[in-house]
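Geometric and topological summary
As a plain string of letters, each chain reads:
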Amino acid sequence: MSLFKARDWWSTVVEGEDGREEECDAGCLAIANINNEKPPKEKIIVGGFSGTLRVFFPQSYRQEDGEEASGYRADHVLLETTLNYPILQLAAGKFVSSNDLNHLCILHPDRLVVYTISITSGQAGHGDHTRLTTAYQHKLQRNAHSFITGPFGGVKGKDYIAVQSLDGCITVFEQESYGFSSFLPGFLFPGPITYVSKSDALITVSSDWCLQCFKYQAVAVATDNEKDNSNSNNSSKGGKRLTPEWTQQLGEPALNLLVVSPPEGPTSLLILTHHAVFCYKETGVLKFVKKLEYNPSCLSAFVVDNYVHICVASHTQTLLVYRETELKWASQLPFVPVALNRANFAGISGALVLLGDAGQLQISYLGTDPSLFVAPPTETREINYDQTDKELGQLHKIIKASTKETGTLVGMNRGDSDLLVSGTVGTQLEAWTGHTRVQDPDGGVPAVPVVVRLTAHTPLNTVRVNIAVEKPLAVTQDTFVLRTICDTSQIIVKFYLEEPYIPTSLSVSIITSYVTHTGIPRIIMTNLDLPLQLVVKSSMPNKEADHKITISTNKDAVNLPELFPDLVTDTSVGTALGLQYYSGADVTILSSRTTNRYRLQSDSLAALWIILSELIRRLKGYWNNPNRRDGEELILGVASSLPTHELFFEIDAHFMRRKKHRELEGQLVQRATQFRAVQRRLLTKFKDKTPTPLTNLDNLLEGTYKQILQITDVINDNIRGLEEDGCQLSCVVRLVLELVRLQTNMPDHQHALLASAVSPIVHLSMDQGWEETTDASVTFLLRTVLGKGSRDAPSTPDLIMPSDTAKLKKHLGLLLDKVTKGGAQLNLSSSPPPNSTDTNEDIIFRDEDEPTDSSGTVEEDPTDVPLGSRLGEDRARSARIRSARLVSARKIPERLPADGEPTSYVDEPQAVRMSSHDIFSDENSDIHSLSNGAFTQQSSINSLSKDPVAGDNGIPNDTFNSLVKEANALQSSVQAEQSLMEFAKPLSGNLKSIKELTKENTIESPSDIFSGEDGIDIW
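Every chain is numbered independently, its residues counted from 1 as its sequence is written. For this predicted model, a pLDDT threshold of at least 70 governs which residues receive local features, and a threshold of 80 or more governs which side-chain atom pairs are given and counted, while totals over whole chains, interfaces and linings are taken from all residues. Hydrogens and water are ignored here; the side-chain numbers use all heavy atoms of the structure.

What the protein contains, in helices and strands, is 19 helices and 45 strands. Considering the protein as a whole, with its 1019 residues, one finds that 47% of them fall into the buried category. A sequence separation of at least 24 residues applies to 63% of the contacts in the protein between residues at least 6 apart. All accessible-area figures derive from a Shrake-Rupley calculation using a 1.4 Å probe, and residue coverage is judged against the displayed protein chains alone. When the accessible surface of the protein is totalled, it reaches about 52300 Å², and 49% of it is carbon and sulfur. Numbering of helices and strands runs from the N terminus, with a helix taken as a DSSP run of H or I at least four residues long and a strand as a DSSP run of E at least two residues long. Buried means the residue's accessible area, taken with a 1.4 Å probe over protein chains only, is under 20% of the maximum for its type, while exposed means over 50%, and partly exposed covers the values in between. Here, two residues are considered to be in contact whenever any of their heavy atoms come within 4.5 Å of each other.

See the structure below:
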């Protein structure tokens, strides 16, 4: 119930014959300039079932005191007459062929009469006289129900009349002459009918509550009636069945149909039902629907600022004004109207004309004077605080219980029942004809269509759909706003490759946000995977490559045509597959015939990521097939070391791009400052009354402007390069994280923690870049999860752009070394971390106060280096200290370097480099052994300095361990300290030679995997 009332501007009551109450319906009200007055002024025509016809001309007037007033006066009645038949419907239009004036058409149960209303000026002080004359009439063969008027068939300057009978016959009268008759298909009882002039169509609601559209030409052609041209009394024998142009199911009976056709803009068709207001386009497409929580009686509509405004009157004597589906105003009415219209009168514009079923006629406007209801005073009583606290506790329990059952307000449990979002990726690729920077010599890049379906169980308003995809992939449109969803809606988009570099992911995120009918916001996320053919195509395999990754499995090797049936062109070759990105990078996949291994190789390390993830996904899908399950779960392992050098290279490349961008921004600021300074100087000279030479300031201004344009072009090019380098870095980081997972058999939650620290998402941000955020998160992990610090210790690093990436690379190397070789467990529990299996960490803490050789090193302030970095720096030093103590305790003089002999603890490279045969032997087939002992990384300097000493002297492990204990017991000895200094110097000088003996990022596979016979078949 509204606090506001519709303000009464003019009102009266229409009475029937002998003062009896008049009975009116929806068709008994018409508003038009029926007397063709110049300038046009609208009149109100009212009829009734008693046959009384009245024409009113409401207007404001001046009182005796000169004030303007409004209200009913007797001179406002232009015409009042009684016809012999009940008036079913009124309409005004150009119904006479001899002129183009407005005439009044009145529908009686058995006839249609067209009248002319004219006004004759009075003489000798008498008032004007209004006359009603009959122009022509048509007698109907069937009982009439309603009629519509309009320029049927696109006729100009004329209005034809179509009468709907109770048995479903449409009879068309072309002004004074009879046109034709046609029957509506599937007719049971008549419903509302209207005419759309723009599409020249008749629209009605059938007895099965279906909205149907019939073209006028189809109605005219389908007729099969005998026509008597001699008079207007026509008899029809029947007609052919019609086929509707389009149909829409409403689900409930319609009360009224209304066409809103503005001069500029689309035509809207409004249907008022018992519980909703539907709005359709003239083509049958639903624009919106507004569900009503009350019983409506009638409606009116108009267009303002390209929005459809709807006025709906209800049986509760309330008028509600909507802007499409949004309620704008509500006010109380004095009665329940059966007809509602909008008109302009002298003294008021945009007034609402209301007609009641008992003849009440009122012109109202929406005022703002509230009708406040004063509530009676309540009984005052003392507050019982104990009882109030008990009631409050019960209410809290009810709220808590309801929250547990239905989920939190921001949860997705209840939102899923309101809206279901699903996506379907097309199986057939299409040629993309739009804009793209990818130049493919074999033709254009492909595009894949994706259909997003939204199914609403309840009507939802303002549903927003956002589609996110990572570069260089692009989508035709990424944002959709659906005003109303009642049943099912579809969105069709296409994905294509926009930029010529390697993508980081083929995943697509569809984020759908909406507000439920209870006002709770909901968000639904849907993920889709695009096909691999969108970014790669088949090519010839390459035998040599710079980067190689070998994946081992516990299952038999699968032929590549079975794994990649969509990319294999030659099914005869089952052990080699060549793929090429549309950006140019080549990737070759090899499968072993003798062992359960796969190799991926390419000249670009970033290009291996997408192919590796796709290979793993397809292997899991292949062996998860119920027909191939053998009770053993698929286990994957990696037989390659981590590509840390390539990772550091990509980090440096991305960081250099950022530094270059900052330098270019500085240059742009400098040139812009110079440009403004020159402008001020020139403006001062131009304002000077005494002309002075410009002293080449104009040339300086022009040159500065050209430099600004050049710098902006360079900045744009650098931003594109930064995006490409960011994608390269993201691919390499994702590849390294996946290799760590395969190498250590890491659980999903630990891998998620590692990925959150070393994020594979590289944002294009100039203020907070990937380098500083990653360094902060990695340092936090080293201090807390992987160290002995507290997990609750505050960490507030300054996220500013560093001067270089040395610390970041050092921290990353230490983190990867701890996770892969040290066997550290990533755990976020609040309890202290378990004892790590990496004994080097204990040695670091025990020997960090030991004196070391400082030659050739630069001292750093310990406050500037994070704790994790200092531990990483001391690890190599601790290894050298331990080796020196061991040699000193054993007192082996033959290990001292002779004159001219190079100082080295390694005699043969094979002492460090393990053979490929040993690595891929059956004894080392276990994945844990492969990941822990078989592959020596470059960053593991301590293990390189430990193993050669034990290996060169041939000491058993027990003796070796006892010697270590003896060396630790000599910490306080001065001789041990001196020998430590002597042996630490030559060892620090030979670190470079030791690094050269470490394995490269790619470990060659043994000869039994890819034998010469296989090579002949492959190549």
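Okay, back to it.
Turning our attention to the sheet that holds strand β3 (residues 43-47). Strands pair, by our definition, only if DSSP identifies at least two bridges between them. As summarised here, the arrangement of the four strands in space is β2-β3-β4-β7, forming an open sheet in which the pairing is antiparallel. In this open sheet, the two strands that pair with only one neighbour each are β2 (29-32) and β7 (77-82). In this sheet, adjacent strand axes meet at a mean angle of 15 degrees when their direction is disregarded. Interaxial angles span 0 to 180 degrees and are taken between N-to-C directions of axes, which are lines fitted to C-alpha atoms, for helices over the stretch in contact.

What follows covers the pattern of salt bridges. It is possible for side chains bearing opposite charge to pair when their charged atoms get close. Within this document, salt bridges are pairs made up of a side-chain nitrogen of Lys or Arg and a carboxyl oxygen of Asp or Glu, the two lying within 4 Å of each other. Using the criterion set out here, one finds 24 salt bridges in the structure. Where Arg142 meets Asp167, a salt bridge forms, and the shortest distance between an N and an O atom there is 2.8 Å. One end of the pair, Arg142, is in the loop between β11 (129-139) and β12 (144-150); the other, Asp167, is in the loop between β13 (160-165) and β14 (169-174), with 25 residues separating them in the sequence. Given the relative accessible area of 22%, Arg142 is considered partly exposed.

Moving on: the sheet that holds strand β17 (residues 201-205). Spatially, the four strands line up as an open sheet ordered β16-β17-β18-β19, and their pairing is antiparallel. Where the open sheet ends on each side, the last strands, each with one partner, are β16 (193-196) and β19 (246-249). Between one strand and the next, the sheet's axes are offset by a mean angle of 20 degrees, whatever the strand orientation. Direction of pairing for β17 relative to strand β18 (residues 210-215): antiparallel, over a ladder of five bridges. What sits directly across from Val205, in β18, is Leu211.

Checked against the element boundaries, Glu771 lands in helix α9 (residues 770-783). Given the relative accessible area of 1%, Glu771 is considered buried. Under this definition, polar contacts are N or O atom pairs within 3.5 Å; protein pairs additionally need one hydrogen-donor-capable and one acceptor-capable atom, and for neighbouring residues in sequence, both atoms have to be side-chain atoms. At a separation of 2.7 Å, a polar atom in the side chain of Glu771 contacts the side chain of His654. Ignoring any residue separated from it by four or fewer positions in sequence, one finds Glu771 in contact with Ile651, His654, Phe655, Arg658, Thr805 and Leu808.

Moving on, we get to the pairing of β14. With respect to burial, β14 is a largely interior element, five of its six residues being buried. Hairpin geometry of β13 and β14 is characterised by an intervening segment of three residues between the two adjacent antiparallel strands and by a positive phi of about 90 degrees at Gly168. With six bridges joining them, β14 and strand β15 (residues 177-183) adopt antiparallel strand pairing. Within the sheet, the bridge partner assigned to Thr171 lies in β15 and is Ser181. Counting the residues between successive antiparallel strands, the hairpin from β14 to β15 contains two residues, one of them, Gln175, with a positive phi of roughly 60 degrees.

With that out of the way, let us pick up the pairing of strand β25 (residues 307-314). For β25, the tally of buried residues reaches seven of eight residues, placing the bulk of the element in the interior. Bridge analysis of strand β24 (residues 296-304) against β25 gives eight bridges, and the strand direction is antiparallel. Bridging across to β25, Val303 finds its partner in Val308. Remark: two residues form the turn of the hairpin made by β24 and β25, two consecutive strands paired antiparallel; Asp305 in that turn has positive phi of roughly 55 degrees. Bridge count between β25 and strand β26 (residues 318-323): five bridges; the pairing is antiparallel. Residue pairing for β26: Cys311 is matched across the bridge by Val321. Once β25 ends, the chain turns through three residues before running back antiparallel as β26, passing Gln317 with a positive phi of about 60 degrees.

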